[in-house]
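Each chain, letter by letter, is given below.
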Amino acid sequence: MSANLGRVYSVPSPTGQGTVSARPVVFVILGGTGDLARRKLVPAIFEIVRQGLIPQPVHIVGAAGSDLTHEEFRGRVAEAVREFARVKPGSDAELVEFLSHVFYQSVKFQDAGSFRELKLLLDELERGGASPHRIFYLATPPSAYGPIVQNLQAVGLADRRDDLWPRVVIEKPFGRDLPSALELNQVVLSVFDEHQVYRIDHYLGKETVQNIMVFRFANGIFEPTWNRRYIDHVQITVAEEIGIGSRGRYYEEAGVIRDMVQNHMLQILSMIAMEPPTSFHADSIRDERVKVLKCIRPIPVSAINEHVVRAQYGSGLAKGSKVWAYREEDNVAAESMTETYIAIKLFIENWRWAGVPFYLRSGKYLPKRVTEVAIQYRGVPHMLFRDVLTDPLEPSALILRIQPDEGISLTFSTKHPGMLMDIRNQAMDFNYYEAYGDKAPDAYERLLLDVVVGDGTLFPRTDAVVASWKFVDQIVEGWRASRVRNLPQYEPGSWGPVEAVEMMAADQRKWRRP
Ligand code: BG6
């Protein structure tokens, strides 16, 4: 049975299940010359075309500020495919064929006139056989989202024609707080209906994040223990070994709370904590995810320091190379208060999770790139072996390794062979690559395909965006009220500031070392 999250893709189905639901499309990438387009979008489109997951013809129209000819843009697309495609083109002919459907239009995002030019190009392509189904991908700075949507409407590119529904894909960040997200939403929803809008959170497209639902709801043995009776706490770690790179300007405005927590981490949390949905339809799954977000207990301003630790990386060595302190990075203020590390303790107020702390942490320049969820089970109620133990026993933990080294482990106590009652923790280990080979599609492949077939399951809906901003805004408000002038610094390549360790220690717990 194929597990395409309930949907059978199309033409020709790689799984041999032949319902056609995808249609030929034109991807219009606003911000088509940018980094996201180059590294992620173009390679992902190439891959889904290569695999025949959407019917031909598939066109790409790059639209951005630079003046480029079609040929010049094709050159960039070819480079992007050669450098970043998951499976490199089998032959020059394959790439040439792909490029023959690639076009470029120079567009000033604020200027309706240039969108008229874009429309002329799209109409001309349609007369030449391109699909009338258009997907507008907003891979631009967020300040351009509103004007782009309004200009699409102004020139008629947002119009519905019979059964044609232009779709719009919006990259994160969707706003920078609740008021700005609501404002943007209002603009977007005054032009498009909710079902035409796809807010990308690429973590939801990761194979292992989707597998959380399968693991929980396709197996009978874990779900009965998935609650406050058996689980002591949950740790969600999204660690990065890189710094902010050249993104100082963006990062100063975002910090890790907006860059990682508001979107990726809260979405992972909602997958872990959601109730079983009533069906496998987009809205019943999204309904359950959003309920979790709505149940997160707000962190009161007065308790901010007990629940949230923030810090910045200092200067030092990461992977043997000299690293500047965050405050010394380009486009970062010398007195910046933007955090590059965060640890949060939160509670979900419902029957399943009451009293179970969820600890979230994320940061730049940590020792390794790793994303994992650790479900830490409670210890046994009565320890039979207490008199013979030399060290306290670690209760069982279930580790969902999202990336890299994707897999699942369950740890438990065993008797070490010998005459002594030596009890040690061991793990049962499942590894994706060993089990299935290197087959996982990139998150963007999955998500772009979902947009083509019109499946919003893996995209946050308005209510989710609102609920997550409410939680984040409260933390930011707490920070503002605390009037702190300096953040703790942590050494690059370390697991973060000592304050985060102390936060756990105050609860008699420890962070895992992934
Ligand atoms: C992005 C953030 O959304 O996710 C980046 O803006 C971060 O700062 C990236 O590095 C991490 O994504 P991944 O897929 O590499 O874990």
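For the structure, check the block above.
Residues numbered from 1 in each chain as written. Predicted model: local features only at pLDDT ≥ 70, side-chain atom pairs only at ≥ 80, totals over all residues. Heavy atoms only, no water.

Peer 1: What is the right way to look at the overall build of the protein chain in this model?
Peer 2: Looking only at helices and strands, the protein chain features 14 helices and 17 strands. In terms of overall size, the protein chain behaves like a compact globule, its C-alpha atoms giving a radius of gyration of 24 Å where 514 residues would be expected to give roughly 24 Å. Here the C-alpha coordinates of the protein chain stretch approximately 80 × 55 × 45 Å along the principal axes. Looking at the 514 residues of the protein chain, the share that counts as buried comes to 55%. The contacts in the protein chain between residues at least 6 apart in sequence include a share of 76% that link residues at least 24 apart. When the accessible area of the protein chain is evaluated, it comes to approximately 23,200 Å², of which 52% is carbon and sulfur surface. One finds the centroid of the 60 positive side-chain charges in the protein chain at a distance of 3 Å from the centroid of its 64 negative side-chain charges. (Helix = DSSP H or I, 4+ residues; strand = E, 2+ residues; numbered from the N terminus. Rg over C-alpha atoms; globule rule 2.2 N^0.38 Å. Buried < 20%, exposed > 50% of the residue type's maximum accessible area, 1.4 Å probe, protein only. Contact = heavy atoms within 4.5 Å. Areas by Shrake-Rupley, 256 points an atom, 1.4 Å probe, with all protein chains shown as cover. Lys, Arg positive; Asp, Glu negative; His and termini not counted. Charge placed at Lys NZ, Arg CZ, Asp CG, Glu CD.)

Peer 1: When you look at the pairing of strand 14 (residues 397-403) in this model, what are you seeing that I'm missing?
Peer 2: Two faces belong to every sheet, and in a regular strand the side chains alternate between them. A large share of strand 14 lies buried, amounting to 7 of its 7 residues. In this sheet, strand 14 lies alongside strand 13 (residues 370-377) in antiparallel orientation, the contact comprising 6 bridges. Each residue of the ladder has a partner; that of Val 373, found in strand 14, is Leu 400. Here 4 bridges tie strand 14 to strand 15 (residues 407-415), and the two strands are oriented antiparallel to one another. (Pairing = 2+ DSSP bridges.)

Peer 1: I keep staring at a nonpolar patch on the surface and nothing clicks. Help me out?
Peer 2: A surface patch of nonpolar side chains, amounting to about 360 Å² of accessible area, comprises Leu 384, Phe 385, Val 388 and Met 421. Within the secondary structure layout, Phe 385 lies in the loop between strand 13 and strand 14. A relative accessible area of 32% places Phe 385 in the partly exposed class. (Patch = residues over 30% accessible without salt bridge, like charges linked within 9 Å, V, L, I, M, F, W, Y side chains within 5 Å. Salt bridge = Lys/Arg side-chain N within 4 Å of Asp/Glu carboxyl O.)

Peer 1: Please explain the sheet that holds strand 5 (residues 167-170) as it appears in this structure.
Peer 2: Remark on secondary structure: sheet strands pair via backbone hydrogen bonds, oriented parallel or antiparallel. Reading across from one edge, 3-2-1-4-5-6 is the order of the 6 strands in this open sheet, with parallel pairing throughout. Among the strands making up the open sheet, the edge pair consists of strand 3 (102-106) and strand 6 (197-199). Sheet twist, expressed as the average angle between the axes of neighbouring strands with direction ignored, equals 20°. For strand 1 (residues 26-30) and strand 4 (residues 134-138), the ladder comprises 5 bridges, and the chain directions are parallel. Bridge pairing links Phe 27 to Ile 135 in strand 4. (Axes fitted to C-alpha atoms, helices over the stretch in contact; angles between N-to-C directions.)

Peer 1: How should I be thinking about the pattern of salt bridges in this particular structure?
Peer 2: Opposite charge on two side chains lets them pair, provided their charged atoms get close. Tallied over the entire structure, the rule returns 35 salt bridges. When the shortest N-O distance is used, the salt bridge between Arg 199 and Glu 194 registers 2.8 Å. Notably, a salt bridge pairs Arg 512 with Glu 372, separated by 2.8 Å at the nearest N-O pair. Here Glu 372 lies in strand 13 and Arg 512 lies in the segment after helix 14 (498-505), a separation of 140 residues in the sequence. Residue classification places Arg 512 among the partly exposed positions, given a relative accessible area of 23%. The exposure class assigned to Glu 372 is buried, which follows from its relative accessible area of 3%. Within the structure, one salt-bridge network assembled from shared partners comprises Lys 172, Glu 240, Arg 247, Asp 259 and Lys 364.

Peer 1: Sorry, what's going on with the environment of Arg 378 here?
Peer 2: For Arg 378, the position within the fold is in the loop between strand 13 and strand 14. Overall, Arg 378 belongs to the partly exposed group, its relative accessible area being 42%. Residues Arg 378 and Pro 395, spaced 17 residues apart in sequence, show a C-alpha to C-alpha distance of 6.1 Å. With sequence-adjacent residues up to four places away left out, Arg 378 is seen in contact with Arg 228, Arg 229, Tyr 230, Ile 231, Asp 232 and Pro 395. For Arg 378, the side chain forms a polar contact with the main-chain oxygen of Arg 228, separated by 2.8 Å. Looking at Arg 378, its side chain comes within polar contact range of the main-chain oxygen of Arg 229, at 3.1 Å. (Polar contact = N/O pair within 3.5 Å; in protein donor to acceptor, adjacent residues only side chain to side chain.)

Peer 1: I would appreciate a short explanation of the site of the ligand in the present structure.
Peer 2: Neighbouring the ligand are Lys 172, His 202, Tyr 203, Lys 206, Glu 240, Arg 247, Asp 259, Met 260, His 264, Lys 364, Arg 369 and Gln 403. Within the side chain of His 264, one N or O atom sits 2.7 Å away from an oxygen atom of the ligand. At a separation of 3.3 Å, an oxygen atom of the ligand approaches a polar side-chain atom of Arg 369. With the chains in place, 80% of the 400 Å² that the ligand exposes on its own is no longer accessible. When grouped by side-chain class, the residues that make up the shell around the ligand number 2 nonpolar, 3 polar and 7 charged. (Near = heavy atom within 4 Å. Nonpolar A, V, L, I, M, F, W, Y, C, P; charged D, E, K, R; others polar.)

Peer 1: Please clarify how the side chain of Lys 364 should be interpreted in this entry.
Peer 2: Within the secondary structure, Lys 364 is located in the loop between strand 12 (357-363) and strand 13. The exposure class of Lys 364 is buried, given its relative accessible area of 3%. At 2.7 Å, the side chain of Lys 364 and the side chain of Glu 240 are in polar contact. Not counting the four nearest positions on each side in its chain, Lys 364 is found in contact with Glu 240, Ile 242, Gly 243, Ile 244, Arg 247, Tyr 251, Asp 259, Tyr 313, Thr 340 and Tyr 490.

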